[in-house]
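Spelled out, the chains give:
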Amino acid sequence: MGMQHIGWGLLWGLWLALAPLSVRAQAVTVRAEARPTVASAAGTVQYTLRIETPPSQAIQTPQPPATTNAVLTQRTPSRRQEVSFNSGTMKRVVTFTWTYQPLRVGQLRFRPLTLSVNGQSYTTQPIRVRVVPSGQAPAWRAPRAQRPAPDPSSRLSTDDLFIQAALSDSTVYVGEQLTLTYWLYFRPDVRMRRSRMARAWSAPGFWQEPLDVDMLPRSLPTVFLRGRAYKRIMLKRAALFPLHPGALRIEPLQIRTEAYATGAYSGDPLLAPADPYETVALSSDAHTVTAIARPPGAPAAFSGAVGTFKLRVTPTVDSLVLGEAVQVRVTIAGRGNLPMIRAPRVEAPPTATVYAPEVTTDIVRDSTSLRGMKRFTFTVVPQEGGALRLPPVRFAYFDPARATYVVRTSDAVRLHVQPQANAFAEQSPARPLNDVTPLLHTVRGTARAPLHRQLWPYAALLLPLLGATGRWVYQRQQARGDGTPVQERASADALLNAARASRADDPARAAHQVEQALRVALQARTGQPTRGRTHDQLRTLMARHDMPDTQRQAVVELLAACERLSYAPQNGGSAEASAVLARAEALLATLSHRAPAD
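In this text the structure is predicted, and so the values were computed from the model without any measurement.

Some words on unusual backbone geometry
- The omega angle of the peptide bond from Arg35 to Pro36 is 0 degrees, so this bond is cis rather than trans.
- As for its placement among the helices and strands, Pro36 is situated in the loop between strand E1 (29-35) and strand E2 (38-40).
- Residues other than glycine seldom take positive phi values, yet Asn118 does so here, at roughly 55 degrees.
- Following the sequence through the fold, Asn118 ends up in the loop between strand E9 (114-117) and strand E10 (120-123).
- For Asp546, which is not glycine, the phi dihedral falls at a positive 60 degrees.
- Within the fold, Asp546 resides in the loop between helix H6 (535-544) and helix H7 (549-567).
- When its relative accessible area of 67% is taken as the criterion, Asp546 is described as exposed.

A closer look at the pattern of salt bridges
- According to the stated counting rule, one finds 10 salt bridges in the structure shown.
- Salt-bridge contacts for Arg35 lead to Glu33; the nearest nitrogen and oxygen are separated by 3.6 Å.
- When its relative accessible area of 34% is taken as the criterion, Glu33 is described as partly exposed.

Digging into the environment of Pro315
- Looking at where Pro315 falls in the secondary structure, it is placed in strand E23 (residues 302-315).
- In the structure, Pro315 is positioned 14 residues away from Arg329 in sequence and 6.0 Å away in space, judged by C-alpha atoms.
- Residues within four places of Pro315 in sequence aside, it is in contact with Val326, Gln327, Val328, Val413 and Leu415.

Brief notes about H6
- Taken together, the buried positions of H6 are Leu538, Leu541 and Met542. Viewed along the axis of H6, the buried residues span an arc of 95 degrees, placing them on a single side of the element. H6 presents Asp536 and Arg544 as exposed residues on the side facing more than 90 degrees away from its buried surface.
- Two residues or fewer past H6, Asp546 is found with a positive phi of approximately 60 degrees.

Some details on the environment of Pro529
- Relative to the helices and strands, Pro529 is located in the loop between helix H5 (507-526) and H6.
- Counting along the chain gives 10 residues from Pro529 to Arg519, while the straight-line C-alpha distance between them is 8.5 Å.

Observations concerning the sheet that holds strand E31 (residues 413-418)
- Read from one edge of the open sheet, three strands run E24-E31-E28, paired in mixed fashion. Both edges of this open sheet fall to strand E24 (319-321) and strand E28 (386-390), since each of them pairs with a single strand only. With strand direction ignored, the average angle separating the axes of adjacent strands in the sheet is 30 degrees.
- Bridging between E28 and E31 involves five bridges; their strand directions are antiparallel. Looking at the pairing, Leu388 lines up with Leu415 of E31.

What counts and what doesn't
Residues numbered from 1 in each chain as written. Predicted model: local features only at pLDDT ≥ 70, side-chain atom pairs only at ≥ 80, totals over all residues. Heavy atoms only, no water. Helix = DSSP H or I, 4+ residues; strand = E, 2+ residues; numbered from the N terminus. Buried < 20%, exposed > 50% of the residue type's maximum accessible area, 1.4 Å probe, protein only. Salt bridge = Lys/Arg side-chain N within 4 Å of Asp/Glu carboxyl O. Contact = heavy atoms within 4.5 Å. Arc of directions from axis to C-beta. Pairing = 2+ DSSP bridges. Axes fitted to C-alpha atoms, helices over the stretch in contact; angles between N-to-C directions.

Encoded structure:
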C-alpha cells in the first residue's frame, strides 16, 4: 500500500483554507484548572491549560507550572486540539495537560504559568489543591476515553482495522521501566487518509519518557494475527516508570481516520459512492499495571535509581593554583530511569567549598529501553594551599533483574593546590618585632660584648619601622603621578592579557583573571590589600578613599559577574567572558585615569 494513503497531519490545510471566512476578530482566552481539588496523597493531580484562539495565532508550547509539594510525572504535556466553525467565525481550542504526584499531606500549590500566544504573554492565576491521607479523598477519576461504539452503517469492522497497546510487562518494581507501544493494524485492502489523534492516552502514576518512532517507514511489514494477514505501523512508543506501588491504569489511545476497503463494493460497483471513504474512530484497550514496592534495606546512598548503571568520577585537572576552581564530573551511565536520578553527594573537607552541580543528560531513545548518561559537574573551590582530598563518591541503585541493591564507589579525588603565584599571594608570617631570640645567640668560639652595650641590636629593631616609612613615602610619590604604581599597573595589565587569551577556551578562568586584575587595581588605588575582602568590605574601603558612588557600584557589580562566571559557567560563557573583559578594561581605565584598550 502506498504511504500517500496514510496521513497524520492536524488539518492545518483545512484551517488555512477556511481562515479567510472569519469576519470578526476573536480575543485570546487562557484558563488553567487542576483536578481534583481535593486529592489523595497516593493519587495524582492533573493540571490543564486551555487556550482559545483564532486558528492563525501561534501558540508556543509552555513549560510546566512550578509547584510546591508535588513532583511532575512527565515533562512533555498531553496536547489536544479542536477546531470549530460557527456563524462565519473559526475558533481553535488547544489544551495542554500535565500529571503531578503529591509528595505529602497538606497543600499542593501550582504557581502562575506564563505562555506566549502570537508573541504576546499571558499569565494564569495560582491554583491550590488540598492533599489528604489515602482513603479520605472524595471519589474522583480523570476523564477516560470511552471506546467508541461501532457504526452499524459502516462497511468496516473491527477485524479490518484496530489499535493494539503492547506492554513489555504487567508487573514491575517502583521505578523499573516498562515499554508501552501502540500499533495500528489494518487489512492490506484498507485505504486510509486524514488520520489524526482524537484523544491522547494518559498514564497517571507513571513518569513518562517518549521513545523514537519511525513515522515514515519505507515499507510496512505483513503480520498474521487472529488467523488473518495485516499491515502494521507503530503509532507511539514510550518508557513508563511507576512512581508508587499499587494498581496503575493506562488509559486508551484514540484516533480518527477516514478509510474504506477496496473490496467492499466489488459485488455491485454501480452502488459505490463517488467518495467511498468513511470516518472511523479507533481506540485501544485500557491496561492495568501492578507496581510492587522495592525490598527494604536500601543503602544510604540510594535515592531512587532503578536499572543497571556505572559510575565515573573525574576532575578536570589534578593541580591548580589557590584562588582557582576545579570541576569534578560525576557521570552515571547505563539503562534505567535516568531522568529521575538525583545528584550523588560530593563531600569536601573544611578547606574547600563545593557548589551545586550543573546537570547534563544524554538519552538514547531509539530502542525499547531508556539508556544513556547523566553528568553532574560540581565546582570545587579550595580555600588554602596544599594537598586536597575529596572522599570517594557513592552511588546506589536497585537492580530489578536481581532484585537487589548495588552500590558503586569511586576512588578518592586527590588535588594539589599551589600557593597563588602573584605579587599579592599570602607570604609566610613575619617574625614578631619583639622576637630577638636569634640575636642573643653568639658565634661559637667568639667572645662578644653584652647585647645592651652593642648598637646593632637596636638598629635591627628599627629596621621594620624604617622599611614601613620608606614604603609609605614611595606610595605617596606614586600617588602624585597617575594614581597607580607602575608594578601594580603592570600586574593588572598582565592579568587582563591572560584573560583575553583564555576567554574563548576557558571563560571561567578568564573571569577569575579579570577579578584578580580588578582587585590588584583596587589595591593600587587604595594602598590596602583587597584579597579575601567581601563586597561589603570593599565598598567600605572604596568609600574611605573617596571613590564615587557610581564607581563603587560598578566595581561590586563586575566582581559579582566574575564570580558567577568563574564558579557557575553557562552556555555562551565565551560571549559573557568577552563582555566582562570589556567592562573591566573600561573600569580599570577610570581607576588609573587611562584610556581603555582597543
